[in-house]
Amino acid sequence: MKTIVIYTSQTGFTKRYAEWISEASGAECVDFKQAKKIKLSDFDAIIFGIKLSDFDAIIFGSWFMAGGIKNIDWLKNQIPALSAAGKKIIVYGVGGSPAESPEIPAAMRRNFTDEEWNSLKAFYCPGGFNYEKMSGFSKFMMKMFTTMLANKKDASEAEKNMAQMISNSYDISDKKYIEPILAELK
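Keep in mind it's a predicted model, so treat the numbers as computed, not measured.

On to a nonpolar patch on the surface. A contiguous nonpolar surface patch, about 510 Å² in accessible area, is contributed by Met 65, Phe 137, Phe 140, Met 141 and Met 144. When residues of the nonpolar patch are assigned to their parent elements, the largest contribution, four residues, is made by helix H6 (residues 136-151). Among the secondary structure elements, Phe 140 is positioned in helix H6. Residue classification places Phe 140 among the partly exposed positions, given a relative accessible area of 49%.

Put into structure tokens, the structure is as follows:
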């Protein structure tokens with residue numbers, strides 16, 4: 001299946017997953033900053049010398065920010081045309097929570113309407129935090145959130161653990177999390 005991975009990454013975790021998917025599947029790998037200029041519904045558009053009409057699957061990878069998948073509206077605008085053309089649509093979201101976190105399925109689902117959700121396959125890949133690569137605004141917001149959690153009087157054990165976990169940079173990414181995405185391509 002001829003595949004393209006389009007990703008957006010703030011600190012490198014989403015890019016790492018895009019590269020792993022590309023390497024394992026032979027997919028083309030494109031940074032969103034370049035791809036967003038391409039209107040996917042125009043299947044004669046060419047991206048790096050490749051006609052989009054040649055792709056069977058479009059994979060969009062991005063990172064979570066405050067429960068939302070960054071730049072997901074760009075892909076959502078393309079879903080009707082991609083679905084009508086019979087293209088497989090896969091989304092993976094990368095966040096700082098472990099894959100086993102119970103809030104992950106609901107967080108993924110909240111980003112899509114019922115119709116969109118039924119047109120795609122969605123996956124979560126844990127990444128981590130890299131404060132050194134975050135924008136100043138993101139770093140500030142995360143530090144505020146961490147402080148709020150740490151100072152919360154009636155914080156649950158899960159909230160206390162989260163505050164501890166996100167107070168420093170960490171990396172929980174792993175290639176094993178691309179296996180369901182690769183299986184979906186078969």
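And the narrative resumes.
This part is about the packing of aromatic side chains. In total, this model carries nine aromatic pairs according to the counting rule given. For the ring pair Phe 112 and Trp 117, a centre distance of 5.9 Å and an interplane angle of 45 degrees mean the geometry is tilted. Residue Phe 112 is classed as buried on the basis of its relative accessible area of 6%. With a relative accessible area of 27%, Trp 117 lands in the partly exposed category. Centroid distance Phe 129 to Tyr 170: 5.5 Å. Interplanar angle 50 degrees. Geometry classified as tilted. Taken together, the positions of Phe 129 in strand S9 (residues 128-129) and Tyr 170 in strand S10 (residues 170-171) put the pair 41 residues apart, joining distant regions of the chain. Among the residues examined, Phe 129 registers a relative accessible area of 12% and is labelled buried.

Examined against the element boundaries, Leu 185 turns out to sit in helix H8 (residues 179-185). The exposure class of Leu 185 is buried, given its relative accessible area of 9%. Taking the C-alpha atoms as reference points, Leu 185 and Lys 2, separated by 183 residues in sequence, lie 9.1 Å from one another. The contacts of Leu 185, once residues within four sequence positions are left out, are Met 1, Thr 3, Ser 25, Ala 57, Ile 59 and Ile 90.

With that settled, the discussion passes to the pairing of strand S2 (residues 28-31). Bridge count between strand S1 (residues 3-7) and S2: four bridges; the pairing is parallel. Each bridged residue has a counterpart across the sheet, and for Tyr 7 the counterpart in S2 is Asp 31. As for the winding sense of the linkage, the β-α-β connection from S1 through helix H1 (residues 13-25) to S2 is right-handed.

Further remarks concern the nonpolar core. In this structure, Ile 6, Phe 60, Ile 69, Ile 72, Leu 75 and Val 91 are the most contacted members of the largest nonpolar core, which totals 22 residues. Of all elements in the fold, only S1, strand S5 (57-65), helix H3 (72-84), strand S7 (88-95) and helix H4 (104-109) reach the threshold of two or more residues within this core. In terms of residue count, H3 provides more of this core than any other element does, five residues in total. In this structure, Tyr 17, Val 94, Tyr 177 and Ile 178 belong to the second largest nonpolar core, which totals 20 residues.

Let's shift gears to unusual backbone geometry. One non-glycine residue with positive phi stands out, namely Ala 66, at about 55 degrees. You can see Ala 66 is positioned in the loop between S5 and strand S6 (68-69). We note that Asn 71 has phi near 65 degrees; this positive angle belongs to a residue other than glycine. Within the secondary structure, Asn 71 is located in the loop between S6 and H3.

Moving on to the side chain of Thr 146. By secondary structure assignment, the location of Thr 146 is in helix H6. Judged by relative accessible area, which is 9%, Thr 146 ranks as buried. Within the structure, the side chain of Thr 146 is placed 2.8 Å from the backbone oxygen of Met 142, a separation counted as a polar contact. If near-sequence neighbours (up to four positions away) are discounted, Thr 146 is found in contact with Tyr 131, Ala 163, Ile 166 and Ser 167.

The final tally for this structure, using the stated rule, is seven salt bridges. Across the salt bridge formed by Glu 184 and Lys 88, the nearest N and O atoms sit 3.4 Å from each other. Note that Glu 184 is positioned in helix H8 and Lys 88 in strand S7, a separation of 96 residues in sequence. Assessed through its relative accessible area of 23%, Lys 88 is described here as partly exposed. As a salt-bridge pair, Arg 109 and Asp 114 come within 2.2 Å of each other at their nearest N and O atoms. Judged by its relative accessible area of 24%, Arg 109 falls in the partly exposed class. Of the residues examined, Asp 114 reaches a relative accessible area of 53% and is grouped as exposed.

The rules we used
- Residues numbered from 1 in each chain as written.
- Predicted model: local features only at pLDDT ≥ 70, side-chain atom pairs only at ≥ 80, totals over all residues.
- Heavy atoms only, no water.
- Patch = residues over 30% accessible without salt bridge, like charges linked within 9 Å, V, L, I, M, F, W, Y side chains within 5 Å.
- Areas by Shrake-Rupley, 256 points an atom, 1.4 Å probe, with all protein chains shown as cover.
- Salt bridge = Lys/Arg side-chain N within 4 Å of Asp/Glu carboxyl O.
- Helix = DSSP H or I, 4+ residues; strand = E, 2+ residues; numbered from the N terminus.
- Buried < 20%, exposed > 50% of the residue type's maximum accessible area, 1.4 Å probe, protein only.
- Phe/Tyr/Trp six-rings, centres within 6.5 Å; stacked < 30°, edge-to-face > 60°.
- Contact = heavy atoms within 4.5 Å.
- Pairing = 2+ DSSP bridges.
- Right-handed = clockwise from strand over helix to strand, strands pointing away.
- Core = buried A, V, L, I, M, F, W, Y, C linked by side-chain atoms within 4.5 Å.
- Polar contact = N/O pair within 3.5 Å; in protein donor to acceptor, adjacent residues only side chain to side chain.

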